[in-house]
Structure formats: C-alpha cells, structure tokens
Amino acid sequence: MDLEVDSLPSGPPGKPKNTEGLASVFSNRTSRKSASRTDSDNMADGEGYRNPTEVQMSQLVLPCHTNQRGELSVGQLLKWIDATACLSAERHAGCPCVTASMDDIYFEHTISVGQVVNIKAKVNRAFNSSMEVGIQVVSEDLCSEKQWCVCKALATFVAHRELSKVKLKPTVPRTEEEKTEHSVAAERRRMRLVYADTIKDLLANCVIQDDLESRDCSHMVPAEKTRVESVELVLPPHANHQGNTFGGQIMAWMENVATIAASRLCRAHPTLKTIEMFHFRGPSQVGDRLVLKAIVNNAFKHSMEVGVCVEAYRQEAETHRRHINSAFMTFVVLGADDQPQMLPWIRPQPGDGERRYREASARKKIRLDRKYIVSCKQAEMPLSVPWDPSNQVYLSYNNVSSLKMLVAKDNWVLSSESNQVRLYTLEEDKFLSFHMEMLVHVDTAQAFLLLSDLRRRPEWDKHCRSVELVQQVDEDDAIYHVISPALGGDPKPQDFIILASRRKPCDTGEPYVIALRSVTLPTHRETPEYRRGETVCSGFCFWREGDQLTKVSYYNQATPGVLKYVTTNVTGLSSEFYTTFKACEHFLLDNRNDLAPSLQTL
C-alpha cells in the first residue's frame, strides 16, 4: 500500500494538533532564486518524485497488537517504527545498521483495533557513519477514510560492517522539504552530542523546588511499591541479521515494565504520552539476558515520570552487567472525557529516591523547553523568549534552525537590484521577509568573524547606535543589548536584547551562519527611555564562491514594529537597505586584514 500522507490533518475534530518539529535545509542557493528553474528541480517538486531512501510500512491493528483498552500498544508501535527506520537507513548505507538514539516522541493520538498504521521513514542526512532518519506515523480509519498524525520521530542509526570501516555517501536533497531537513539535521546532531552534558549541568546548577515536607504523607504512595524488575532472553526473532537485538524490541520491553510501574501508582490503565530522548550505550546480542527495571520517579498533578534501566549479561554466573540503555517516560491517566485525571502523590525513598524525585522535576522543565522551543512552529513562537541556563541549548538551536528554514524557502522573489546588491522578498502566511545579497572580495571565514561581533555593527549600520555585550554564553552564542535610532517618526529610540548564535559549516558548500533573535533578560527590562523592539528571525549567511570571494546574504523576517520601514524599502520608496548593505561591504573590505591570526581556528 503506497499512501501519500504529507498533507494530513494532525487529528480528528476535537483532538489536539500535532506539534511539528523544526526541520529545514538550504535549497540550491544558485538556482532557486532565478526566474527559470532546472528540469530536475521541476521533477523534484512533481508528483513523480520519491526520495530514494523512503520506506513505507502499513500495518492493520489486530487484537494481538492491542492493550487492555483495545488500543495499539505503544511497544508494538515502537517496534514497527524502528523496523521501518532501520530499513530506510540500510537502503542508504547499503549495509546493516543499528539504532543509536531516538529523540523525544510525543504521542498525540491513540490507534484503535481495526485501524491501519502507516509509517513513512526517510534519511534526512548522512554524516560519516551515522544517519538521521525522519519518521512520520499516521493512523487511518478504513470505514470513514479519515487519517491523522499520531507522532513524528527522529532516530539516529549507525552503519556497521564487520570487516571494514563505513564511510557513508552524502544524501542529495532535492525538494524544499528535503533541503530543510538536511540543513537542520546538522543543528539537531549538535544538540544531541551535548545533550548528556546539558542535562548534567542543569541538574547540578538549577535550584529544584519541591514540597515534600509539606505534603500529607498519609495520602502518598511509597515509590518502592511501583518498582518493577523483569528479565528477557534475547532470541533470534528479537534480533537482526547480525544477531544484534532490535532497538525497537528493547524499547517495547522498556515500555512494558514502565506501564506496569505507572499502573501500580494510579491503580488504573495509564497512557504513554512522551518518551524522552535517549541513547543506546551498547549493543546486545542473541543469547543475552536483559534485566529491565522501572520505578515511578515523580508524580505531578496530571502526569508521572517513570524511569527505566536496561542491563545485559551473558551467563547466569556473571556478576558484571552491561548498561544498555536508560529512558524516562511520561504517563497520564485518561478519564471518560479523554482528559488527564488527578494522580496520587509519590513518596520517594530517602537517598537515591529523593534524588530521582528532584531530577524528575528538572527534566519536566527541560522537556517543556524542548517541546515548545525546539519543536513548535515558528508562527507559534513568542517574539521574545525568556533566557535562562536551562533553555540556552534549545534557544540556540531554535535560533539557527529558524534562520535555516527561512533560507531554504524556494519562493523568494527578486524585487530589485542596484549596484550589484539584490533585494528579494517572500510573502508567506502572516510574515513578510526580505533578503539582501551581494558578492564581496573577502575571505569567507574572515567576513564571518567580522560580522559575528555585533559590537562592531555601528561602524557600518546607522540603524545601530550602540551595541553592548551583555553575556558571552559560550564560544558560539552571545547576548547583546542593541540601541537603534527612532524609526518612522517615533519619538523614542528602540532597544533590543539579541541572542546571536554562530555556526561554522559542517560540509563543503554549506554556509557560515550568524542567527539573531530576541530574548528577554531579567537584568535588562524595558525602560521608559526606549521602546523595546523585537526580531523573531534574522541573520547572515556566508558562502564561499572562490578564493577571496564571498557571497554575503542577510535575511530578516519583518516584525510589526518595522513593517512600515521594510515595505518602504521593498517598494522602492527608500534606498536605505542598499546604502546600509554597501556600507557593510566597505566595512568588510577595510577590515579584511584585522583577523588573519584568528582564521587559523576556523
């Protein structure tokens, strides 16, 4: 069954809409803006094109696949998701692949017996030996012909060949969607690599509030009552053709013990809503005994977190056990109205139990950051997001990814050209965006370094009166306080709190990136002296076009505060855009020898 599920409603009437992950990639920058498009581009956008790594699986949900409520077991769904994604990865790699990690999964809808599950997976990007695979799960009611999105997932697979090291061929994105996914995959990979350290730092530095001492212990359930331990013997049907246990099978066993632990707290049938991002620490093979342990770490008002740990050993006499995986799952109990019900409090054991209890509170906060900062649509983001250490990784990710999404759009229109500076516009939904582009005879890395330091922007941009570095977050992220003159007859000058995130290219042909967006800081609140301005998405991209030749592009998604000023320039009633961009060119040329020693680090 070959079903097209790209443009589907995210749920039936009355159901919550699925949250789309931030995903985008750079489109062909030399041809996509031209008036005539190549035949291959037209074919890529046509109905006949299909990604060569795409794999589709359709399964009819039978009673043997369901839980006690007649709904598809999440464990069974995870096995199907993993198998489909693995086949997609192996189609690209041409050799066996194993599951390395899975990003957060939010289950937006349950699937009933008799319905069909349609799973589509394709490789978003290949790195050296690993690949990011994007997965979409859609349920289908055969009687009403309705379809709705159940979840989306991102998995990382590693190609494995016994006798030689694997070097994966790069993926070649063709459609706008594929180019978007390809580009943002690099940013997601960056976030995964620092994920463990980010969690560790946040749990060490955040002050976690709890009310354990004030709660009525007589109405609390001891956490030890929810503890579950189960052992599974890995048999050939549980493993791939190399004898390694399927990642999806391990996830299904984990879901089973987590559900039992959650049921012991609520004395009801819980529903799994979220699986937190996790990594497989090592493989297991046929013949291994897997010990799965689960316990409720914390119960909030309407949800509970269950921690699951998987260890492996080979022989019964072995004392050493290999840590295979750990994960955290969030459950709710749905009432007759399909709404989450109140849960009893949990009483943790002293020592490790209290540590897990407090860490669960911190992880809940981190999950919300990832869901509503990383995974939400750009149109649903507030213009300025509060900045604090617990969300810095995700705000930086969102900052860069939003700019890459804007760059990847194929429908930019050339509005005008003057003195070899081009102005493009993009009208989409509620936003008007513009894009300036020019060639400068400067080394690409040098141009990137010169414009990375916003403190030097007043040297060429008359719209920046002063720029103060508020916080150097890390090597690639900094927060600035920018003051600009009044615009359009406004008596007050504007000020901005800007997060600047810079990225060097991952592969040849990709650009250097400087992404800018507004944030809020408690130390820099709005004052009567200035009118607080905001930018939701803007920044620079730098492409190497030759020796000492760089294409410099500036992008900006106009906000209401500057919309009148933008439209005045776009319609040709003002030439300030061109004047400012030419001043930027002169700044780069005049200072091209300033940073020569620094270029060795790029």
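Before any of the text, the structure's been laid out above.
Treat the numbers as computed from the prediction; the structure is a model and nothing was measured.

So, how was this worked out
- Residues numbered from 1 in each chain as written.
- Predicted model: local features only at pLDDT ≥ 70, side-chain atom pairs only at ≥ 80, totals over all residues.
- Heavy atoms only, no water.
- Helix = DSSP H or I, 4+ residues; strand = E, 2+ residues; numbered from the N terminus.
- Buried < 20%, exposed > 50% of the residue type's maximum accessible area, 1.4 Å probe, protein only.
- Contact = heavy atoms within 4.5 Å.
- Areas by Shrake-Rupley, 256 points an atom, 1.4 Å probe, with all protein chains shown as cover.
- Axes fitted to C-alpha atoms, helices over the stretch in contact; angles between N-to-C directions.
- Parallel < 35°, antiparallel > 145°, perpendicular 65-115°, else oblique.
- Left-handed = near helix turned anticlockwise from the far one by under 90°.
- Polar contact = N/O pair within 3.5 Å; in protein donor to acceptor, adjacent residues only side chain to side chain.
- Pairing = 2+ DSSP bridges.
- Expected span 1.5 Å × (residues − 1).
- Phe/Tyr/Trp six-rings, centres within 6.5 Å; stacked < 30°, edge-to-face > 60°.
- Lys NZ or Arg CZ within 6 Å of the ring centre and 35° of its normal.
- Salt bridge = Lys/Arg side-chain N within 4 Å of Asp/Glu carboxyl O.
- Patch = residues over 30% accessible without salt bridge, like charges linked within 9 Å, V, L, I, M, F, W, Y side chains within 5 Å.
- Lys, Arg positive; Asp, Glu negative; His and termini not counted.
- Charge placed at Lys NZ, Arg CZ, Asp CG, Glu CD.
- 1 Å grid on protein atoms, 1.4 Å probe; cavity = no way out; pocket = protein on both sides within 12 Å on 5 of 7 lines; lining within 4 Å.
- Points joined across faces, edges and corners; volume = space filled by probe spheres on them.
- Nonpolar A, V, L, I, M, F, W, Y, C, P; charged D, E, K, R; others polar.

Caption draft 1: Expanded view of the overall build of the protein. Each helix and strand counted, the protein has 10 helices and 25 strands in total. Considering the protein as a whole, with its 602 residues, one finds that 55% of them fall into the buried category. Here the analysis covers contacts within the protein between residues at least 6 apart in sequence; of these, 71% occur between residues at least 24 apart. Working note: accessible area of the protein is about 27400 Å², and carbon and sulfur atoms make up 51% of it.

Caption draft 2: The arrangement of the packing of helix 2 (residues 74-93) against helix 5 (residues 247-266) in detail. Closest axis-to-axis distance for the helix 2/helix 5 pair is 8 Å, and the angle between their directions is 165 degrees. What the angle tells us is that helix 2 and helix 5 run roughly antiparallel. In terms of crossing hand, the pair formed by helix 2 and helix 5 is right-handed. Packed against helix 2, whose contacting residues are Val74, Gly75, Leu78, Lys79 and Asp82, the element helix 5 presents Gly247, Gly248, Gln249, Met251, Ala252 and Glu255 at the interface.

Caption draft 3: Fine view of unusual backbone geometry. A positive phi angle, near 65 degrees, is found at Asp338, a position not held by glycine. With respect to the helices and strands, Asp338 occurs in the loop between strand 13 (322-332) and strand 14 (345-347). If you check the backbone angles, Asn419 has positive phi at about 50 degrees while not being a glycine. By the element assignment, Asn419 lies in the loop between strand 16 (413-418) and strand 17 (421-428). When its relative accessible area of 57% is taken as the criterion, Asn419 is described as exposed.

Caption draft 4: Main features of helix 8 (residues 444-452). Among the nine residues of helix 8, nine are classified as buried, and the element is accordingly described as predominantly covered. Taken together, the buried positions of helix 8 are Thr444, Ala445, Gln446, Ala447, Phe448, Leu449, Leu450, Leu451 and Ser452. Considering only its buried residues, helix 8 is in contact with strand 20 (477-484), strand 21 (494-503), strand 22 (512-520), strand 24 (538-546), strand 25 (549-557) and helix 10 (576-590). Here helix 8 starts with a cap whose side-chain oxygen sits 3.1 Å from the backbone nitrogen of Ala445, and that cap is Asp443.

Caption draft 5: Local environment of the sheet that holds strand 5 (residues 130-140). Taking strand neighbours across the sheet as the criterion, the six strands line up as 1-4-5-6-2-10 in an open arrangement whose pairing is antiparallel. Pairing within the sheet leaves two strands with one partner each, and these edge strands are strand 1 (55-60) and strand 10 (278-279). Strand direction decides the pairing type here: strand 4 (residues 116-126) and strand 5, joined by 10 bridges, are antiparallel. Counted as the bridge partner of Lys122 is Gly134 from strand 5.

Caption draft 6: How the structure looks around helix 2. Its 20 residues place the ends of helix 2 28 Å apart at the C-alpha level, agreeing with the 28 Å of an ideal helix rising 1.5 Å per residue. Counting buried positions along helix 2 gives 16 out of 20 residues, so the element sits mostly inside the fold. A distance of 3.2 Å separates the backbone nitrogen of Gly75 from a side-chain oxygen at the start of helix 2, and that oxygen is part of Ser73. After helix 2 finishes, the residue Gly94 shows a positive phi value of roughly 75 degrees.

Caption draft 7: Highlighting the environment of Ile346. Looking at where Ile346 falls in the secondary structure, it is placed in strand 14. The class for Ile346 is buried, based on a relative accessible area of 0%. Residues Ile346 and Asn297, spaced 49 residues apart in sequence, show a C-alpha to C-alpha distance of 8.0 Å.

Caption draft 8: Focus on the packing of aromatic side chains. Under the counting rule described, the total for this entry stands at nine aromatic pairs. An angle of 80 degrees between the planes, with centres 6.2 Å apart, marks the rings of Phe448 and Phe542 as edge-to-face. Placement of the pair is Phe448 in helix 8 and Phe542 in strand 24, with a sequence separation of 94 residues. Grouping aromatic residues by their ring pairs yields a cluster made of Phe434, Phe448, Trp460, Tyr512, Phe540, Phe542, Tyr554 and Phe577. Of note, Lys551 hangs over the ring of Trp543, and the distance from its end group to the ring centre comes to 5.1 Å.

Caption draft 9: A look at the pairing of strand 20. When you tally the buried positions in strand 20, you get eight out of eight residues, the bulk of the element. Side chains of strand 20 alternate between two faces, with Asp477, Ile479, His481 and Ile483 and Ala478, Tyr480, Val482 and Ser484 buried alike. Summarising the sheet, strand 19 (residues 466-472) and strand 20 pair through six bridges and their orientation is antiparallel. Its bridge partner lying in strand 20, Val467 is registered against Val482. Count of turn residues in the strand 19/strand 20 antiparallel hairpin: four residues. When strand 20 meets strand 21, the two strands line up antiparallel, connected through eight bridges. Each residue of the ladder has a partner; that of His481, found in strand 21, is Ile497.

Caption draft 10: Structural view of the pattern of salt bridges. Scanning all chains against the criterion turns up 30 salt bridges. Of the charged contacts, one joins Arg455 and Asp453 as a salt bridge, the two residues approaching to 3.0 Å between their closest N and O atoms. With a relative accessible area of 22%, Asp453 lands in the partly exposed category. One salt-bridge network, in which partners are shared between bridges, spans Asp103, Glu132, Glu181, Arg188 and Arg192.

Caption draft 11: Representation of a positive patch on the surface. On the surface, a cluster of positive charge is made up of Lys225, Arg264, Arg267 and Arg347. For Arg347, a relative accessible area of 32% corresponds to the partly exposed category.

Caption draft 12: Representation of empty space enclosed by the protein within the structure. The tally for this structure, following the rule as stated, stands at three cavities of 30 Å³ or more. Estimates place the volume of the largest cavity at around 50 Å³. Along its surface, the largest cavity is lined by Leu450, Leu451, Asp453, Leu454, Arg456, Arg457, Trp460 and Phe540. Looking at the lining of the largest cavity residue by residue, the classes come out as five nonpolar, no polar and three charged.

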